[in-house]
Amino acid sequence: MLKIAIINGPNLNLLGIREKEIYGSSSFEDYFKTIEQKFPTIDLTYYQSNIEGELINKLHEIGFTYDAIILNAGAYTHTSIAIADAVAGIKTPVVEVHISNVFSREDYRHVSYLGKHCKGSISGFGLNGYELAIQSVLI
Ligand code: DQA
């Protein structure tokens, strides 16, 4: 069974509550249940942390055995060389996801330290971006 992990970074625990006009009104837990149902043949896991080092630890822990990691590092995308180094250092391919279209927002969101080390990036399709990322692993 294909093992895919979704890792969400800071503030994404507030999905459904936070800035709904940008991030939508569904919690990630609810959305995760729908994707588990859509992909019953994939072993999907979900992890969220607001703490940079915890995200790095999780990448190290699963990044040599999982088939793919879907990573929304939130604002750390635009600041964290340490997470970028972790993505570069693991074996598992990483797909970068952003719920909002980061390129239509503030200039500081146009830079991703991670992007260079990812298989590809998806931005601007709302929560559906996670599903598109799973599909990108299947093709
Ligand atoms: C985000 C975009 C980031 O710029 C922002 O800091 C987030 C969420 C997104 O999913 O659109 O926290 O990664």
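A quick note: this is a predicted structure, and the numbers were derived from the prediction, not measured.

Rules behind the numbers
Residues numbered from 1 in each chain as written. Predicted model: local features only at pLDDT ≥ 70, side-chain atom pairs only at ≥ 80, totals over all residues. Heavy atoms only, no water. Near = heavy atom within 4 Å. Polar contact = N/O pair within 3.5 Å; in protein donor to acceptor, adjacent residues only side chain to side chain. Areas by Shrake-Rupley, 256 points an atom, 1.4 Å probe, with all protein chains shown as cover. Nonpolar A, V, L, I, M, F, W, Y, C, P; charged D, E, K, R; others polar. Buried < 20%, exposed > 50% of the residue type's maximum accessible area, 1.4 Å probe, protein only. Helix = DSSP H or I, 4+ residues; strand = E, 2+ residues; numbered from the N terminus. Arc of directions from axis to C-beta. Contact = heavy atoms within 4.5 Å. Salt bridge = Lys/Arg side-chain N within 4 Å of Asp/Glu carboxyl O. Axes fitted to C-alpha atoms, helices over the stretch in contact; angles between N-to-C directions. Parallel < 35°, antiparallel > 145°, perpendicular 65-115°, else oblique. Phe/Tyr/Trp six-rings, centres within 6.5 Å; stacked < 30°, edge-to-face > 60°.

A.B. asks: In this structure, what is going on with the site of the ligand? I would like to understand it.
C.D. replies: Around the ligand, the surrounding shell consists of Arg18, Tyr23, Asn72, Gly74, Ala75, His78, His98, Ile99, Ser100, Val102 and Arg109. Take histidine 98: an N or O atom from its side chain is 2.8 Å from an oxygen atom of the ligand. Within the side chain of arginine 109, an N or O atom sits 2.9 Å from an oxygen atom of the ligand. Contact with the protein chains hides 99% of the accessible area of the ligand, taken as 320 Å² for the molecule alone. Grouping the constituent residues of the shell around the ligand by class yields 4 nonpolar, 5 polar and 2 charged.

A.B. asks: Can you help me understand helix α2 (residues 28–38) in this one?
C.D. replies: Quick reminder: α-helices carry 3.6 residues per turn. Residues three or four places apart thus point the same way. For α2, the set of buried residues is Phe28, Tyr31, Phe32 and Ile35. The buried residues of α2 occupy an angular sector of 105° when the element is viewed end-on, so they sit on one face. Buried residues in α2 make contact with β1 (2–8), β2 (42–48) and α5 (128–138).

A.B. asks: What am I meant to see in the pattern of salt bridges here?
C.D. replies: Side chains that differ in sign of charge can pair as their charged atoms come close. Going through the model one piece at a time under the given rule, you end up with 7 salt bridges. As a salt-bridge pair, aspartate 30 and lysine 33 come within 3.7 Å of each other at their nearest N and O atoms. Of this pair, aspartate 30 and lysine 33 both sit in helix α2, 3 residues apart, which is roughly one turn of the helix. Given a relative accessible area of 43%, aspartate 30 falls into the partly exposed group. A cluster of three or more residues bridged by salt bridges with shared partners is formed by Arg105, Glu106 and Arg109.

A.B. asks: Would you mind going over the packing of helix α3 (residues 52–62) against helix α4 (residues 81–89) with me for this structure?
C.D. replies: Helix-helix packing is described using two parameters, namely the angle between the two axes and the distance between the axes. Running from N to C, α3 and α4 cross one another at 0°; their axes reach a closest spacing of 9 Å. With respect to α4, the axis of α3 lies roughly parallel. Across from Glu52, Leu55, Ile56, Leu59 and His60 in α3, the residues of α4 making contact are Ala82, Ile83, Ala86 and Val87.

A.B. asks: In this structure, what is going on with the environment of isoleucine 35? I would like to understand it.
C.D. replies: Following the sequence through the fold, isoleucine 35 ends up in helix α2. Separated by 33 residues in the primary sequence, isoleucine 35 and leucine 2 have C-alpha atoms spaced 14 Å apart. Not counting chain neighbours up to four residues away, the residues in contact with isoleucine 35 comprise Ile6, Leu44, Glu131 and Ile134.

A.B. asks: For this particular structure, what's the right way to read the side chain of asparagine 8?
C.D. replies: Along the chain, asparagine 8 turns up in strand β1. The exposure class assigned to asparagine 8 is buried, which follows from its relative accessible area of 0%. What asparagine 8 contacts, discounting residues up to four positions off in sequence, is Phe28, Tyr46, Tyr47, Gln48, Ser49, Leu55, Asn72 and Tyr130.

A.B. asks: Got a minute to help me understand α4 in this structure?
C.D. replies: Within the span of α4, buried status applies to Ile83, Ala84, Ala86 and Val87. The buried residues of α4 occupy an angular sector of 160° when the element is viewed end-on, so they sit on one face. Among the structural elements, α3, β3 (68–72) and β4 (94–98) are those in contact with the buried residues of α4. Two to three positions downstream of the cap, the backbone nitrogen of alanine 82 sits 3.4 Å from a side-chain oxygen, assigning the N-cap of α4 to serine 80.

A.B. asks: Hey, could you run me through the packing of aromatic side chains in this one?
C.D. replies: Any aromatic ring pair is given by two values, namely how distant the centres are and how the planes are angled relative to each other. Taken as a whole and judged by the stated rule, the model has 6 aromatic pairs. Consider the rings of phenylalanine 28 and tyrosine 31, whose centres lie 5.7 Å apart with planes at 65°: the pair is edge-to-face. Of the two residues, phenylalanine 28 and tyrosine 31 are both situated in helix α2; the distance of 3 residues between them amounts to about one turn of the helix. An identical accessibility class is assigned to phenylalanine 28 and tyrosine 31; each is buried. Ring centres 4.8 Å apart and planes at 65° place the aromatic pair phenylalanine 28 and tyrosine 130 in the edge-to-face group.

In short, the description is geometric, and any link to function would need to be established separately.
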